Amino acid sequence: GIMIWSYFSYGNTTNPAISNATIANNKITLNIDGWRQLWGNSPSKGITLETESDSPINNVNILNNEISFNNFSGNSRESDKRAFGISFWRIYFPDVENQNLRIVGNKITNPLAGGIDLSMFVDQGEISQNRIVNPGQSKEIFRAFASGILIDRDVEDIEIKGNSIVDNQTTNTLKVGI
């Protein structure tokens, strides 16, 4: 997948480390069982903010990417709870003020946890026109994480509209839409 690192460095302790960035039109295929052979218990993610990042992000666009989770044998692990298609979660700096995050037009298929995870403070943004299919494939996740879109932090002026969240399996894994 793609990992975004947003750290203060080289004397910068005030300005956002990531500004005016776009991640667009990528096709990301995650081979789950193959990933585990290489990386052990770390969660597989399509596009993610490095969880210990300490610097804000401003004007970041995640547009029209296809993310699919393939070759999952069903052997779930505890780390699967963080295996989202797109994840913006800060573990140590959850209240860093981020501005204008847009997650638009992405397709996420068979994530082990949910489709999109927004677990950090964001002022202004949009989550729209995304298609999330069959989230919650792992049995080792908090069932609330088996969601299309998870908002788990204070957000201001975020528009969530026009998303399609589908579970078309015989045995449903989706527990929460948004």
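For the structure itself, look to the data block above.
Note that the coordinates shown come from a computational prediction; the quantities given were computed from them, not determined experimentally.

**Some details on the nonpolar core**
Thought 1: Ranked by internal contacts, the top residues of the largest apolar core, which has 28 residues, are Ile62, Ile86, Phe88 and Leu101.
Thought 2: The biggest single contributor to this core is strand S5 (residues 57–63), with three residues.
Thought 3: For Phe88, the residues in contact, after removing those within four places along its chain, are Ile4, Leu49, Ile57, Ile62, Leu101, Ile103, Asp117, Leu118, Ser119 and Met120.

**Description of the sheet that holds strand S1 (residues 2–4)**
Thought 1: Taken together, the five strands give an open sheet; going across it, the order is S1-S4-S7-S10-S13, and neighbouring strands pair in parallel fashion. Two strands lie at the open edges of the sheet, namely S1 and strand S13 (149–151), each paired on one side alone. Looking at each pair of strands side by side, their axes are set apart by 10° on average, direction ignored.
Thought 2: Relative to S13, strand S10 (residues 116–119) is paired through three bridges, and the arrangement is parallel. Paired with Leu118 across the two strands is Ile151, which belongs to S13.

**Some remarks on a negative patch on the surface**
Thought 1: Together, Asp95, Glu97, Asp154, Glu156 and Asp157 make up a region of like negative charge exposed at the surface.
Thought 2: In this structure, Asp157 sits in strand S14 (residues 155–161).

**Considering the packing of aromatic side chains**
Thought 1: Under the criterion given, the structure shown has two aromatic pairs.
Thought 2: Between Trp5 and Tyr7, the ring centres sit 5.9 Å apart and the planes meet at 40°, which makes this aromatic pair tilted.
Thought 3: Take Tyr7: its relative accessible area is 29%, and that puts it in the partly exposed class.

**What to know about the pattern of salt bridges**
Side-chain pairs of opposite charge can arise whenever the charged atoms involved come near each other.
Thought 1: Per the counting criterion, the structure on display carries two salt bridges.
Thought 2: For Glu126, the salt bridge identified is with Arg102, shortest N-O distance 3.3 Å. On the criterion of sequence distance, the pair formed by Glu126 in strand S11 (residues 122–128) and Arg102 in strand S8 (residues 98–104) is long-range, its members being 24 residues apart.
Thought 3: Judged by relative accessible area, which is 19%, Glu126 ranks as buried.
Thought 4: By relative accessible area, which is 27% here, Arg102 ends up partly exposed.
Thought 5: For Lys161, the salt bridge is made with Glu159, and the minimal N-O distance between the two is 2.9 Å.
Thought 6: In this structure Lys161 comes out as partly exposed when scored by relative accessible area, which is 41%.

Quick notes on the rules
Residues numbered from 1 in each chain as written. Predicted model: local features only at pLDDT ≥ 70, side-chain atom pairs only at ≥ 80, totals over all residues. Heavy atoms only, no water. Core = buried A, V, L, I, M, F, W, Y, C linked by side-chain atoms within 4.5 Å. Buried < 20%, exposed > 50% of the residue type's maximum accessible area, 1.4 Å probe, protein only. Helix = DSSP H or I, 4+ residues; strand = E, 2+ residues; numbered from the N terminus. Contact = heavy atoms within 4.5 Å. Pairing = 2+ DSSP bridges. Axes fitted to C-alpha atoms, helices over the stretch in contact; angles between N-to-C directions. Patch = residues over 30% accessible without salt bridge, like charges linked within 9 Å, V, L, I, M, F, W, Y side chains within 5 Å. Areas by Shrake-Rupley, 256 points an atom, 1.4 Å probe, with all protein chains shown as cover. Salt bridge = Lys/Arg side-chain N within 4 Å of Asp/Glu carboxyl O. Lys, Arg positive; Asp, Glu negative; His and termini not counted. Charge placed at Lys NZ, Arg CZ, Asp CG, Glu CD. Phe/Tyr/Trp six-rings, centres within 6.5 Å; stacked < 30°, edge-to-face > 60°.

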